[in-house]
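# Coordinate inspection notes
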Amino acid sequence: MGAVKGVIKRINPRAEIVDITHELEPFDVLSAAFSLKTSSIYFPEGTVHLAVVDPGVGSERQPLLVKTEDFFFVGPDNGIFSFVYDSQRITNIVNLSNREHFLADVSGTFHARDVFAPVAAYVTLGVDINEFGTPARECFRLLIPEPKVTGNIVTGEVVHIDGFGNLITNIGAELFYKKSVASVSMGRRRIGRMSRSYFDIHPGPAGALIGSSGFLEIAMNQENARRILKARVGTRVKVFFS
Amino acid sequence: MGAVKGVIKRINPRAEIVDITHELEPFDVLSAAFSLKTSSIYFPEGTVHLAVVDPGVGSERQPLLVKTEDFFFVGPDNGIFSFVYDSQRITNIVNLSNREHFLADVSGTFHARDVFAPVAAYVTLGVDINEFGTPARECFRLLIPEPKVTGNIVTGEVVHIDGFGNLITNIGAELFYKKSVASVSMGRRRIGRMSRSYFDIHPGPAGALIGSSGFLEIAMNQENARRILKARVGTRVKVFFS
Amino acid sequence: MGAVKGVIKRINPRAEIVDITHELEPFDVLSAAFSLKTSSIYFPEGTVHLAVVDPGVGSERQPLLVKTEDFFFVGPDNGIFSFVYDSQRITNIVNLSNREHFLADVSGTFHARDVFAPVAAYVTLGVDINEFGTPARECFRLLIPEPKVTGNIVTGEVVHIDGFGNLITNIGAELFYKKSVASVSMGRRRIGRMSRSYFDIHPGPAGALIGSSGFLEIAMNQENARRILKARVGTRVKVFFS
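Basis of the calculations
Residues numbered from 1 in each chain as written. Chains lettered and ligands numbered in written order. Predicted model: local features only at pLDDT ≥ 70, side-chain atom pairs only at ≥ 80, totals over all residues. Heavy atoms only, no water. Helix = DSSP H or I, 4+ residues; strand = E, 2+ residues; numbered from the N terminus. Buried < 20%, exposed > 50% of the residue type's maximum accessible area, 1.4 Å probe, protein only. Contact = heavy atoms within 4.5 Å. Salt bridge = Lys/Arg side-chain N within 4 Å of Asp/Glu carboxyl O. Pairing = 2+ DSSP bridges. Phe/Tyr/Trp six-rings, centres within 6.5 Å; stacked < 30°, edge-to-face > 60°. Lys NZ or Arg CZ within 6 Å of the ring centre and 35° of its normal. Expected span 1.5 Å × (residues − 1). Bend = angle between axes of the 7 residues up to and from the residue. Axes fitted to C-alpha atoms, helices over the stretch in contact; angles between N-to-C directions. Left-handed = near helix turned anticlockwise from the far one by under 90°. Nonpolar A, V, L, I, M, F, W, Y, C, P; charged D, E, K, R; others polar.

Moving on, we come to the overall build of chain A. Helices and strands together make up the secondary structure of chain A, namely five helices and 14 strands. If one aligns the C-alpha atoms of chain A with their principal axes, the spans along those axes are about 60 × 35 × 30 Å. Out of the 242 residues in chain A, the part that is buried amounts to 51%. Residue pairs at least 24 apart in sequence account for 62% of intrachain contacts in chain A once pairs closer than 6 positions are excluded.

Below, the structure written as structure tokens:
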């Protein structure tokens, strides 16, 4: 991480670097994509978001520069930009093929330092995005399963687990609109009533709430729900409306 | 964490954000309060300290702005400001009730982003503290047990465990003034002699020293005392003076 | 960590503080030295590198200021500057003996806050390096074992393990120059073929590659090689050339 920051500061000493999170598990592209979505939109217009994650399974991913109406994103085409599509209008995607803006020696193993960091730094200096390579049509996108709605039952699953062990599902707040929840279950486990916030959950059993990201979450009062409920990404969650 | 920083930078792009620690356990308000005390006083006058911790047990905590002679503190009224009282004179406490300085949509679960971050940012812009809400009398304070002094024996307990596993007690340096220590014990365990610093402790047995926070600590030479001694917050520590 | 930053900002509010890593194990001076080497050289000329690590075994280490042609380094003389020698020409070493540039009360336990941080801050203000103490001849250097070359076999060992569990050896890239690798082994375990990068390693067995630091590494496809191979610093690695 230090080297990445050094490269940026050497190219643009006035660039200000803000750490987003140090809590992502290696190789967890989905969590990284989720973090990028939920944090990027709060930054000032023109912010360059540098996504440093490990390469995807099996093959080398093309390095990309993605421009939306408000922001720039630099990183590998491994799915990390999946949710940028949900929240922002993408205006340009550029394959980073122009080695002129890379470090002189590009190692096989450290693209964050040798490719992404210098490109991000040159973007902050105002270099035109077309200077960095050739236009691309779209990014690789992770498929987030859509929840299924069958009568009064919505069936979704855990798609993300945050640093506190809260289980974030793919069941969006809009599905609760003007409805009354009878019960929530996860796997074979009955989950407590819907709560308004984390501290509204009773100590002991797990509760459900609409989290700050706009999705149903399963959480516990000051406990790690992932560990205690032995849940994981993919664990099924059902909401029964009355 | 990223979203919190984004909110601040969007309101005041010139605000400089400094991370204090990433090593607090979730829900450990005491450790957070301790960290806030031991780090805040070293910052330049006028610094705004933003305390992002999880909500306290059982009920929603009022968001607060606390002003001391030198600093501003923003965070929940869950005890995190307990030790600010020890080291600084508090001049104002404000209940953050004026939603004008919150994010437009306040979620139930993410006050750090929606309430504390924007208020902290507006404070750095010089907004008058009375603009943020109504004056309050005092903060919720964690009760740190006082050590008991009985003749030549001081009985205290572990009140904080740092990231290296050093056990910090509630026995202050002033209790050692002009006295000579005969022995120190923790639970039923005899602790080695008083040391002048961590590297003065012999490898193997635990030692005792006055730590950088001004309290008696139990520590081991390059080992994690918490893990090896199976100590926890509340474990009893005795000092026998000769 | 917060207090260290506070001290710096109070002395030089314009100093910009960049975190390098939060992932070093306590007391692991070798990893810290390695991180310092691989990150420091990417920063702009004149950068002050502040190395905050725990004290070395057994005795108090002299606080030092080390100047190279491009940078300043401040920290304890415990071996952390070992690899600065490899990559940069050291022009001055100063024993930090002038207490004038320390905090007023120097605790026995927290030199990073009381000695290193204020000295680093005063260096950024342009204070002459000779003001901080008396010249020294050299730093304490960790002995990194040299690999042994016997005919077509190079025998080295793991000298560093990074945050992803990749095992970095002391076998430098130059030993592979114009040679063809027949096989690589670690302990009794046969390692897969040489790969060009991490994502070139097949899922399952471990692979070997020349890492971004210029040394042979043993790694696995999206797995933690340290944990799965039960390797540690000192584990023997052999390369057989054909």
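Time to look at the pattern of salt bridges. In a structure, side chains of opposite charge can pair up when their charged atoms sit close to one another. Residues and elements named next belong to chain A. Scanning the model with the defined rule gives twelve salt bridges over all chains in all. In this structure, Asp19 engages Lys5 in a salt bridge whose closest nitrogen and oxygen atoms are separated by 2.9 Å. In this pair, Asp19 sits in the loop between α1 (2-11) and α2 (29-40) while Lys5 sits in helix α1, placing the two residues 14 residues apart along the sequence. Taking relative accessible area as the criterion, Asp19 reaches 11% and is therefore assigned buried. We note a salt bridge from Arg113 to Asp114, for which the minimum N-O separation is 2.6 Å. Here Arg113 and Asp114 have matching classes, each one buried.

On to unusual backbone geometry, then. Residue Lys230 of chain A is not a glycine yet carries a positive backbone phi of 50°. Its identity is not glycine, yet Lys178 of chain B carries a phi of approximately 60°, on the positive side. Counting through the fold element by element, Lys178 of chain B comes out in the loop between β8 (167-172) and β9 (181-186). Looking at Lys178 of chain B, the relative accessible area reads 74%, which means it is exposed.

Once that is clear, we can look at the pairing of β8 of chain B. For a regular strand, side-chain orientation follows a simple rule: the groups alternate between the two sheet faces. All names here are of chain B. With six of six residues buried, β8 lies mostly within the body of the structure. Alignment of strand β7 (residues 153-161) against β8, held across three bridges, turns out to be antiparallel. Residue pairing in the sheet places His160 in a bridge with Ile168 of β8. With three bridges joining them, β8 and strand β13 (residues 215-219) adopt antiparallel strand pairing. Within β13, the position partnered with Leu167 by the bridge is Ile218.

With that out of the way, let us pick up the packing of aromatic side chains. Within this structure, the stated rule accounts for twelve aromatic pairs over all chains. Summarising the aromatic geometry, the rings of Phe71 of chain B and Phe73 of chain B are spaced 6.4 Å apart at their centres and angled 80° between planes, so their arrangement reads as edge-to-face. With respect to class, Phe71 of chain B is no different from Phe73 of chain B; both count as buried. An aromatic cluster is present here, built from Phe71, Phe73 and Phe81 of chain A joined pairwise through their rings. In this arrangement the basic side chain of Arg141 of chain A is found over the ring face of Tyr85 of chain A, its NZ or CZ atom lying 3.8 Å from the centre. In this structure, Lys67 of chain B is placed above the aromatic ring of Phe72 of chain B, and the distance from its NZ or CZ to the ring centre is 5.2 Å.

Let's shift gears to helix α4 (residues 111-124) of chain C. All names here are of chain C. Compared with the 20 Å implied by 1.5 Å per residue over 14 residues, the 19 Å span of α4 between its first and last C-alpha is a close match. Of all the bends in α4, the greatest, near 30°, is centred on Ala117, and the proline Pro118 appears no more than four residues after it. Among the 14 residues that make up α4, twelve are buried, leaving the element largely enclosed by the rest of the structure. Of all the residues in α4, the buried ones are His111, Ala112, Arg113, Asp114, Val115, Phe116, Ala117, Pro118, Val119, Ala120, Ala121 and Val123. At its buried positions, α4 is contacted by α1 (2-11), β1 (48-50), β2 (63-68), β3 (72-76) and β4 (90-96). Two residues or fewer after α4 comes Gly126, characterised by a positive phi angle close to 95°.

Attention now goes to the sheet that holds β1 of chain C. Residues and elements named next belong to chain C. Within the open sheet, the five strands sit side by side as β1-β3-β2-β4-β5. Their pairing is mixed. The open sheet has two edge strands, β1 and β5 (133-135), and neither has a second partner. The average angle at which neighbouring strand axes cross in this sheet is 25°, direction not considered. Examined bridge by bridge, β4 and β5 share three bridges and lie antiparallel to one another. Among the inter-strand pairings, Val94 is bridged to a residue of β5, identified as Pro135.

This next bit is on the packing of helix α1 (residues 2-11) of chain B against helix α4 (residues 111-124) of chain B. All names here are of chain B. Running from N to C, α1 and α4 point in directions that differ by 35°, and their axes come no closer than 8 Å. Like other packed secondary-structure pairs, α1 and α4 cross with a definite hand, here right-handed. Contact residues: Ala3, Val4, Val7, Ile8 and Ile11 in α1; Ala112, Arg113, Ala117, Pro118, Ala121 and Tyr122 in α4. Looking at the contact of α1 with α4 residue by residue, the class counts come to ten nonpolar, no polar and one charged.

Residues and elements named next belong to chain B. One open sheet accounts for five strands, arranged β1-β3-β2-β4-β5; its pairing is mixed. Both outer strands of the open sheet, β1 (48-50) and β5 (133-135), are each paired with one neighbouring strand and no more. Across the sheet, the mean angle from the axis of one strand to that of its neighbour is 25°, orientation sign disregarded.

The next thing to look at is the side chain of Thr68 of chain B. All names here are of chain B. Among the secondary structure elements, Thr68 is positioned in strand β2 (residues 63-68). Thr68 gets classed as buried once you look at its relative accessible area, which sits at 0%. Leaving out residues up to four positions away in the same chain, Thr68 has contacts with Phe73, Val84, Gln88, Arg89, Ile90 and Thr91.

This part takes up the environment of Ile8 of chain A. Residue and element names in this part refer to chain A. Residue placement: Ile8 occurs in helix α1. The buried category is assigned to Ile8, whose relative accessible area is 9%. If sequence neighbours within four positions are ignored, Ile8 has contacts with Ala15, Ile17, Leu50, Ala117 and Ala121.

Turning our eyes to something else, we now look at the environment of Arg189 of chain B. Residues and elements named next belong to chain B. In this fold, Arg189 is placed in strand β10 (residues 189-191). As a C-alpha pair, Arg189 and Leu229 span 40 residues in sequence and 8.8 Å in three-dimensional space. Setting aside residues no more than four positions away along its own chain, Arg189 makes contact with Val184, Ile228 and Leu229.

A few words on the environment of Glu138 of chain C. Residue and element names in this part refer to chain C. Here Glu138 is to be found in the loop between β5 and β6 (148-150). On the accessibility criterion, Glu138 (53% relative accessible area) is exposed. C-alpha of Glu138 to C-alpha of Val7: the two residues are 131 residues apart in sequence and 28 Å apart in space. Excluding anything up to four places from it in sequence, Glu138 contacts Asp77, Tyr85 and Ile93.

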